[in-house]
Amino acid sequence: MKTGATAPRSTAAEAPARTRRRSGRPSPGEILLSVCSAALGLLAWIALAHSGIQGFPGPLPVLKRGWDLIGDGTLFSDLGASLRRVLTGYAIGVALAVPIGFAMGWYPIVRRLVEPWLQFFRMVPPLAIIPLAIVLMGIGETPKVFVIFLAAFLSSVVSTFQGVVSVDSTLVNAARVLGAGDGRVFLGVVVPASTPFILVGMRIGLGAAWATVVAAELIAAQSGLGFRMQQAQLYYDLPTMFVQLVVIGAVGLAMDRCLLFAERRLTGWQERR
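The next point concerns empty space enclosed by the protein. Following the criterion strictly, the structure yields one cavity of 30 Å³ or more and no others. Of the voids in this model, the largest cavity is the one considered here, and its volume is about 40 Å³. For the largest cavity, the lining is made up of ten residues, of which Ile130, Ile134, Pro143, Lys144 and Ala216 are closest to its centre. Among the secondary structure elements, those contributing two or more residues to the lining of the largest cavity are α6 (126-137) and α7 (141-165). Looking at the lining of the largest cavity element by element, the count peaks at three residues for α7. Residue composition of the lining of the largest cavity, grouped by class: seven nonpolar, two polar and one charged.

On to the packing of α6 against α7. Relative orientation of the contacting elements α6 and α7 amounts to 150°, with a least axis distance of 9 Å. Handedness of the α6/α7 crossing: right-handed. Here Pro126, Ile129, Ile130, Ala133, Ile134 and Met137 of α6 come into contact with α7, specifically with Thr142, Pro143, Phe146, Val147, Leu150 and Ala151.

Below, the discussion takes up the packing of helix α10 (residues 225-234) against helix α11 (residues 238-266). Any two packed helices are characterised by how steeply their axes cross, that is the angle between the axes, and by the distance between the axes. As a packed pair, α10 and α11 sit with axes 8 Å apart at the nearest point and diverge in direction by 160°. Comparing their axes, α11 and α10 come out roughly antiparallel. Regarding α10 and α11, the two cross each other, and that crossing is left-handed. Seen from α10, the contacting residues are Leu225, Arg228, Met229, Ala232 and Gln233; seen from α11, they are Thr240, Met241, Gln244, Leu245, Val247 and Ile248. The class makeup of the residues in the contact of α10 with α11 is seven nonpolar, three polar and one charged.

Turning to the side chain of Thr160, a few remarks are in order. Here Thr160 shows up in helix α7. Exposure remark for Thr160: the relative accessible area of 0% places this residue in the buried category. Once you skip the residues sitting within four places of it in the chain, Thr160 turns out to touch Ala97, Val98, Gly101, Phe102 and Ile198.

With that settled, consider the packing of aromatic side chains. With the rule as written, the count across this model stands at six aromatic pairs. Ring-pair connections join several aromatic residues into one group, and the members of that group are Trp45, Phe56 and Phe242.

As a further point, take the nonpolar core. One finds Tyr90, Met202, Trp210, Leu225 and Val247 to be the most contacted residues of the largest nonpolar core, which totals 36 residues. Elements supplying a minimum of two residues to this core: α3 (59-71), α4 (74-106), α7, α8 (169-177), α9 (182-219), α10 and α11. For this core, the element with the highest residue contribution is α9, accounting for twelve residues. Residue contacts for Trp210: discarding those within four places in its chain leaves Leu79, Ser82, Leu83, Val86, Leu225, Ile248, Val251, Gly252 and Met255.

Turning to unusual backbone geometry, a few remarks are in order. Even without being glycine, Tyr236 reaches a positive phi, approximately 55°. You can see Tyr236 is positioned in the loop between α10 and α11.

The next thing to look at is α3. Residues spaced three or four apart along an α-helix face the same direction, because each turn holds 3.6 residues. Across its 13 residues, α3 extends 18 Å between first and last C-alpha, which sits within 8% of the 18 Å expected from 1.5 Å per residue. When we look at burial in α3, the residues that qualify are Val62, Gly66 and Leu69. Taken down its axis, α3 places every buried residue within 60° of arc, on the same side. Residues of α3 that are exposed and angled more than 90 degrees away from the buried face: Leu60, Leu63, Lys64, Trp67 and Gly71. Those residues of α3 hidden inside the fold are in contact with α2 (28-49), α4 and α11. Positioned one or two residues after α3, Gly73 has a phi angle of 85°, which is positive.

With that settled, consider the pattern of salt bridges. Summed over the entire model, instances satisfying the criterion amount to six salt bridges. Residue Asp68 pairs with Lys64 through a salt bridge whose shortest N-O separation is 3.6 Å. With Asp68 and Lys64 both in helix α3 and four residues apart, the pair spans about one turn of that helix. With a relative accessible area of 55%, Lys64 lands in the exposed category. Residues Arg203 and Asp256 are paired through a salt bridge, measuring 3.0 Å at the closest nitrogen-oxygen approach.

A contiguous nonpolar surface patch, about 370 Å² in accessible area, is contributed by Leu40, Leu42, Leu43 and Ile46. Structurally, Leu40 is set in helix α2.

Now for the confidence of the model for the protein chain. Residues with a pLDDT of 70 or more make up 88% of the protein chain, whose mean pLDDT is 81. In the predicted structure, residues 1-8 sits below a pLDDT of 50 and forms zero contacts with residues beyond four places in sequence or in another chain.

Analysis parameters
Residues numbered from 1 in each chain as written. Predicted model: local features only at pLDDT ≥ 70, side-chain atom pairs only at ≥ 80, totals over all residues. Heavy atoms only, no water. 1 Å grid on protein atoms, 1.4 Å probe; cavity = no way out; pocket = protein on both sides within 12 Å on 5 of 7 lines; lining within 4 Å. Points joined across faces, edges and corners; volume = space filled by probe spheres on them. Helix = DSSP H or I, 4+ residues; strand = E, 2+ residues; numbered from the N terminus. Nonpolar A, V, L, I, M, F, W, Y, C, P; charged D, E, K, R; others polar. Axes fitted to C-alpha atoms, helices over the stretch in contact; angles between N-to-C directions. Left-handed = near helix turned anticlockwise from the far one by under 90°. Contact = heavy atoms within 4.5 Å. Parallel < 35°, antiparallel > 145°, perpendicular 65-115°, else oblique. Buried < 20%, exposed > 50% of the residue type's maximum accessible area, 1.4 Å probe, protein only. Phe/Tyr/Trp six-rings, centres within 6.5 Å; stacked < 30°, edge-to-face > 60°. Core = buried A, V, L, I, M, F, W, Y, C linked by side-chain atoms within 4.5 Å. Expected span 1.5 Å × (residues − 1). Arc of directions from axis to C-beta. Salt bridge = Lys/Arg side-chain N within 4 Å of Asp/Glu carboxyl O. Patch = residues over 30% accessible without salt bridge, like charges linked within 9 Å, V, L, I, M, F, W, Y side chains within 5 Å. Areas by Shrake-Rupley, 256 points an atom, 1.4 Å probe, with all protein chains shown as cover. pLDDT = per-residue confidence, 0-100.

In structure tokens:
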């Protein structure tokens, strides 16, 4: 007679679901829900346009204005200027944040020296630094790239640091028992275990950087999506403003999906819901 409870066996129908969770592929039901959500959003937009709000444009006028901006090259020129700024500041911010975050998490003395300043600057919104940056650095590209760098750096360094200090001490101790030195423990245990935190911080930093560049262009710029919105505001050109809003949201979403795809590929060993 067998004793003890038998572990429940997974059915064949559950296997594809687990595979989709690990790979990040959406199910047909999830795709349908996304399409329905987009359709409901479009219907809500049309309803607002016909609700009597003065000047509120519907999808067709915005689409026509967007086509005009594409035709004369304005939209791609502004988008290129914004992307150039945000990717430059973001790349510098992440490149510095990851090693500093690792150093803070691995060396207590570095943590005690850096963390108070890090927390201080985290409490100061990057947008509040834009006027000071313009006064000190002029109205060129430098102040815009600097505030974007700051937004990306602060988000990424905190996530990296949190990832290092959150590594299970049991894993570290087990590696040391097996004879691994500090270098092997760091590269073989700490870095892989911190990767999900780093990638989440990179996603948050990218969103912060994208929002910051638009705000910076509203204040001092001669090109970019934020600059075009500010010019459209002066002439009460609502269709142009809506075009910029749609492009900002769509491009930001596309960049976030790219990072999410990279995150799922690099952390495929994690169990997902």
